[in-house]
Amino acid sequence: MIIRANNEISSTGVQRSGRLFFSLALMGICLWGTTPACAGMVSGEVRENGQYLRDSRIELKDSMNNRFIVRTDKSGQYRVNLPPGIYRANNIKDKRKRALIQSSPQPSQQNIDLGRR
């Protein structure tokens, strides 16, 4: 803040630092909101009735019904970044068969067996 001879107060420096703080805070909120900082890599194999589920789409839902769709590769493997929590997994084609997986901030291997109803 600068006080001039005619007692006017200039807040140019305060405005600049305030804008910088606001910009940095907004950028932090935007980055935090788009990618969870604590998301962990979950990978493994998907089986249904003892067979690898190849080239299929698997739906993962958390307790808030947030959906994540992951595709298995030609050998039945999947890989996805998930926020920590417990997820219900099912084959998009047959939602009656379900399994549970759990994600944590650390990378983990979670095989999915959809052989049970």
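Residues numbered from 1 in each chain as written. Predicted model: local features only at pLDDT ≥ 70, side-chain atom pairs only at ≥ 80, totals over all residues. Heavy atoms only, no water.

**Topic: the sheet that holds strand S8 (residues 85-91)**
Right, on to step 1. Ordered in space as S6-S5-S8-S9, the four strands form an open sheet in which the pairing is antiparallel. The open sheet has two edge strands with one neighbour each: strand S6 (67-71) and strand S9 (94-103). Each adjacent strand pair in this sheet contributes to an overall mean axis angle of 30°, direction not counted. (Pairing = 2+ DSSP bridges. Helix = DSSP H or I, 4+ residues; strand = E, 2+ residues; numbered from the N terminus. Axes fitted to C-alpha atoms, helices over the stretch in contact; angles between N-to-C directions.)

**Notes on the confidence of the model for the protein**
Right, on to step 1. Summarising the model, the protein shows a mean pLDDT of 79, and 67% of its residues fall at 70 or more.
Right, on to step 2. With pLDDT under 50 throughout, residues 29-35 is counted as low confidence; its partners more than four residues away or in other chains account for zero contacts. (pLDDT = per-residue confidence, 0-100. Contact = heavy atoms within 4.5 Å.)

**Brief notes about the packing of aromatic side chains**
Right, on to step 1. By the definition in use, this model includes one aromatic pair.
Right, on to step 2. Relative to Tyr87, the ring of Phe68 lies with its centre 5.8 Å away and its plane at 80°, an arrangement referred to as edge-to-face. Taken together, the residues span a long stretch of sequence, with Phe68 in strand S6 and Tyr87 in strand S8 at a distance of 19 residues.
Right, on to step 3. On the accessibility criterion, Phe68 (24% relative accessible area) is partly exposed.
Right, on to step 4. Looking at Tyr87, the relative accessible area reads 1%, which means it is buried.
Right, on to step 5. Over the ring of Tyr52 we find Arg47, and its NZ or CZ is 4.2 Å from the ring centre. (Phe/Tyr/Trp six-rings, centres within 6.5 Å; stacked < 30°, edge-to-face > 60°. Buried < 20%, exposed > 50% of the residue type's maximum accessible area, 1.4 Å probe, protein only. Lys NZ or Arg CZ within 6 Å of the ring centre and 35° of its normal.)

**So, the pattern of salt bridges**
Right, on to step 1. A complete count under the given rule lists four salt bridges for this structure.
Right, on to step 2. Across the pair Arg67 and Glu59 runs a salt bridge, and its minimum N-O distance is 2.6 Å.
Right, on to step 3. For Lys95, the salt bridge identified is with Glu59, shortest N-O distance 3.8 Å. A residue pair is termed long-range when its members are at least 10 positions apart, and Lys95 in strand S9 and Glu59 in strand S5 (residues 57-61) qualify at 36 residues.
Right, on to step 4. Here Lys95 falls in the partly exposed class, since its relative accessible area comes to 41%.
Right, on to step 5. The class for Glu59 is buried, based on a relative accessible area of 3%.
Right, on to step 6. The network of salt bridges with common partners includes Glu59, Arg67 and Lys95. (Salt bridge = Lys/Arg side-chain N within 4 Å of Asp/Glu carboxyl O.)

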